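What the coordinates show
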Amino acid sequence: MEYPLNVEAPKSFTHVVRNLPTVTAEQRLRALKATHYNEFAFPAGMLYVDCLSDSGTTSMTDAQWGAMFLGDESYGRNKGYYVLLDAFRDVWERGDQQKRAIDLLRSGVDKDDVEKMMDELYLVDTEGGFINGGSYQLERPNTFIVPQGRCAEALLFDVIKPLLAKRYPGKVFTIPSNAHFDTTEGNIKQMGSVPRNLFHKELLFEIPEGGKYEKNPFKGDMDIDKLNQLLDSVGIENVPLIYTTVTNNSVCGQPVSMANMRAVSAIAHKHGIPFVMDGARWAENCYFIKMNEEGYADKSIAEIAKEMFSYFDVVSASLKKNGHANMGGLLAFRDKGYFWKNFSEFNEDGSVKVDIGHLLKVRQISAYGNDSYGGMSGHDIMALCVGLYEEQRFEYQDERVRQCEYLAQGLHQAGVPVVLPAGGHGVYIDVDKFFGYKRDHESFAGQALSLEMIHRYGIRCSELGDFSMEYDLKTPEQKAEVCNVVRLAINRSQYSKQHMDYIIAAAAQLYKDRDTIPNLKITFGRTLPMRHFHAWLEP
Ligand code: F0G
C-alpha cells in the first residue's frame, strides 16, 4: 500500500555546505565601479546567487568525488583515458545505460581482471562511431580530449582554416546553425567565415495562454526554410559545415526536436556537408525529447542519445555542462564519415594521403596536451566519467529541468517578461519587453539590468543580447538574428527552492523599478573579439 501526498519526495540532499558572507549594496557598487562594470569581473565571493553560467559550476555527486580518488595521473594512457572513451560510447552510442567502464575499473586489480580489462577496456576494438577504440585511435584518430568546449572549437577551426584557404583561396565561407554560442561565433569569425543563426525568432517570444504549453514546442529548432534559402543564396560549395546546438543556448536554452535534427541531417548529407553537433547540453535535450516528442516517452535518455548522435558527423562538446563536471571538453568525428572524407586528402587510387584525424592530433598535442589527457588531470577525467552517467539519470534530469520551469513560472506570474517555457539550463528575460520597447539597441539596457541585479540584490545573471552578441557590429541580416535577452543560468545540483524564490522576488522588484535602471556606454574594447569578457562599461 502506498500513502501518496501532493508534495513530491526529494531525490537528493545537500552533503557539503558553503556559507556566504553578508554584503551590502554599497559594497557591491564599490566593487562594480572598481571592475569597470564588467559582470564577469565582479568577485563571486560577494554574491548571494551566481547565475552567470551553468558551466563548470556543478555540485558533483558523492560518486564523482569518490571517483576522483581513482584518478590516474600517468603521462601516457592513464586509466581514466580508457574509462572516459568507454563512458562516451556508453552514454552516446550504445543506448543501454550500463556503466561498463566504471564497473570494470572498480574491479580491475587482480590477474583475471587484467585479462578482462585488456579485452574490454584497454585494447577494445570499436570502430565506426565517434570513439574508435584501442589501436584504431592510433591508426585513425577521431576522438580528442581537450580542457573545455571552446578548445574543441579552436582545435577544429585552427586545423580546417588553412586547409580551406589552400583549397579555395580567397573564398568567404558561411557556417549556419540553429544558433551558435558566442565562443563558436568568435572562432568562426576569427577564421574569416560568417556565422549565421537560423532559428524561429517569432516563435521564441510567443507567450502561450496561461503561461504554459501543453507540450514543449521545441523553439530551439533550426528554421529549415531559412536553411534552404541560405544554401541557395550562398551556394553549397561555400558552406563547409552545418551546425546544430543542443539545447540551443543562444536561443534561450530551448530544446531541439529529433525530427528537426533528422531533417537537417538529411539536407546536409544530400549536399555532402558534414553535420556538427555542439553537444554541450546533450542530456537535457534528450530529456525534453522524451517528455515532449511523440514516440519517445518510453525510451531511456541513453536510447534517445543513441539516435540523436547517429545523425551527426562531428561532435564538439563542452563537458562542463552535461558532463556534470567542473572541467572537460571533446572533439570527435565519425570514423570514415562525411567530415573525414571532406577534410582528409586522398591519392588517386583512393588510399589516404593525409588523414584529418592526424592533423587534429598534432594540433591537440601541441596546444592542449598528449592525446590521452588533453589538458585534463587524471582525477578530473574520473569525475567526468561518472558525471556523464549521472547526466543520463532520468530522476536527476527531471528535477533539474523542472527547477528551471519553477523559476520561469514564478517570474512570469510576478509580471517579469521571460521566454516560456524555460530552457534546460536556465531562464531568459526578454529585455525589449522588460523595458516596454523603449530602449534602443545601443543603450545596452540588458547589460544594465544584469548589473543592477548584482548591485541591488547580489544576484549575477548573464547578458546574452545586444552587448555580448555585438549587435552594433553586425550586418543587418545578422542583427535580425540577435535575441536581446538576459539569462539566469541555474547551476546543476546546487540551488534550492529558497534560491529560486529569492531570484523571483528580486527580479519582480527590479521590474517595478525598471525606469531607474540607467543605460550603459562602452568605454573600452567595443570591437575586441568576445568583448563581454573584457570590455569596460559605464552607466
Ligand atoms: N557551446 C555551447 C553551446 C556553450 O554553451 C558553451 C559555453 C561552449 C560551447 C563553450 O564551452 O565554456 O567549456 O569553453 N557556455 C558557457 C555558458 C560558458 O555560460 O553558456 P566552454
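Rules used throughout
- Residues numbered from 1 in each chain as written.
- Predicted model: local features only at pLDDT ≥ 70, side-chain atom pairs only at ≥ 80, totals over all residues.
- UniProt positions renumbered as here; feature names shortened; annotations may be inferred.
- Helix = DSSP H or I, 4+ residues; strand = E, 2+ residues; numbered from the N terminus.
- Rg over C-alpha atoms; globule rule 2.2 N^0.38 Å.
- Buried ≥ 20, exposed ≤ 12 C-beta atoms within 10 Å, placed from the backbone.
- Contact = placed C-beta atoms within 7 Å.
- Domains from an automatic or database assignment.
- Near = placed C-beta within 6 Å.
- Nonpolar A, V, L, I, M, F, W, Y, C, P; charged D, E, K, R; others polar.
- Pairing = 2+ DSSP bridges.
- Core = buried A, V, L, I, M, F, W, Y, C linked by C-beta atoms within 7 Å.

Per an unreviewed UniProt entry, the chain carries the name Beta-eliminating lyase and comes from Shuttleworthella satelles DSM 14600. Regarding the chain, the UniProt comment filed under Sequence similarities (unreviewed entry) reads as follows: "Belongs to the beta-eliminating lyase family." We quote the UniProt Cofactor (unreviewed entry) comment for the chain here in full: "pyridoxal 5'-phosphate".

Each helix and strand counted, the chain has 22 helices and 16 strands in total. For a compact globule of 539 residues, the expected C-alpha radius of gyration is about 24 Å, and the chain comes in at 23 Å, within 12% of that figure. The buried share of the chain, taken over its 539 residues, is 50%. Put simply, 69% of the contacts in the chain that link residues at least 6 apart link residues at least 24 apart.

What follows is about the domain arrangement of the chain. Along its sequence, the chain is organised into domain 1 (25-54 + 396-538) and domain 2 (141-377). In this structure, domain 1 and domain 2 have C-alpha centres spaced 26 Å apart. At the junction of the two partners, domain 1 supplies 23 residues and domain 2 supplies 28 residues. Top contributing element to the side of domain 1 that touches domain 2 by residue count: helix H18 (residues 394-413), with 4 residues.

A few words on the site of the ligand. Inspection of the region around the ligand gives 16 residues, with Ser-53, Gln-148, Gly-149, Arg-150 and Ser-318 positioned closest. Residues that form the shell around the ligand fall into these classes: 3 nonpolar, 10 polar and 3 charged.

This next bit is on the pairing of strand S8 (residues 329-333). Of all 5 residues in S8, 5 are buried, a share of seventy percent or more. With burial as the criterion, each face of S8 is covered, one bearing Gly-329, Leu-331 and Phe-333 and the other bearing Leu-330 and Ala-332. Where strand S2 (residues 143-146) lies against S8, 4 bridges are found, and the strand directions are antiparallel. Each bridged residue has a counterpart across the sheet, and for Thr-143 the counterpart in S8 is Ala-332. Of the strand pairs in this sheet, strand S7 (residues 314-318) and S8 are connected by 5 bridges, and their pairing is antiparallel. From the neighbouring strand, Val-315 faces S8, where its bridge partner is Ala-332.

Our next topic: the nonpolar core. The nonpolar side chains of a soluble globular protein tend to be buried with one another. With 153 residues, the main nonpolar core has Leu-84, Ala-305, Leu-330, Cys-385 and Leu-407 as its most contacted residues. The biggest single contributor to this core is helix H3 (residues 79-94), with 9 residues. Residues from two domains meet in this core; each of domain 1 (25-54 + 396-538) and domain 2 (141-377) gives at least three. In this structure, Leu-84 is in contact with Ile-145, Ile-381, Leu-384 and Cys-385, ignoring residues within four places of it in sequence.

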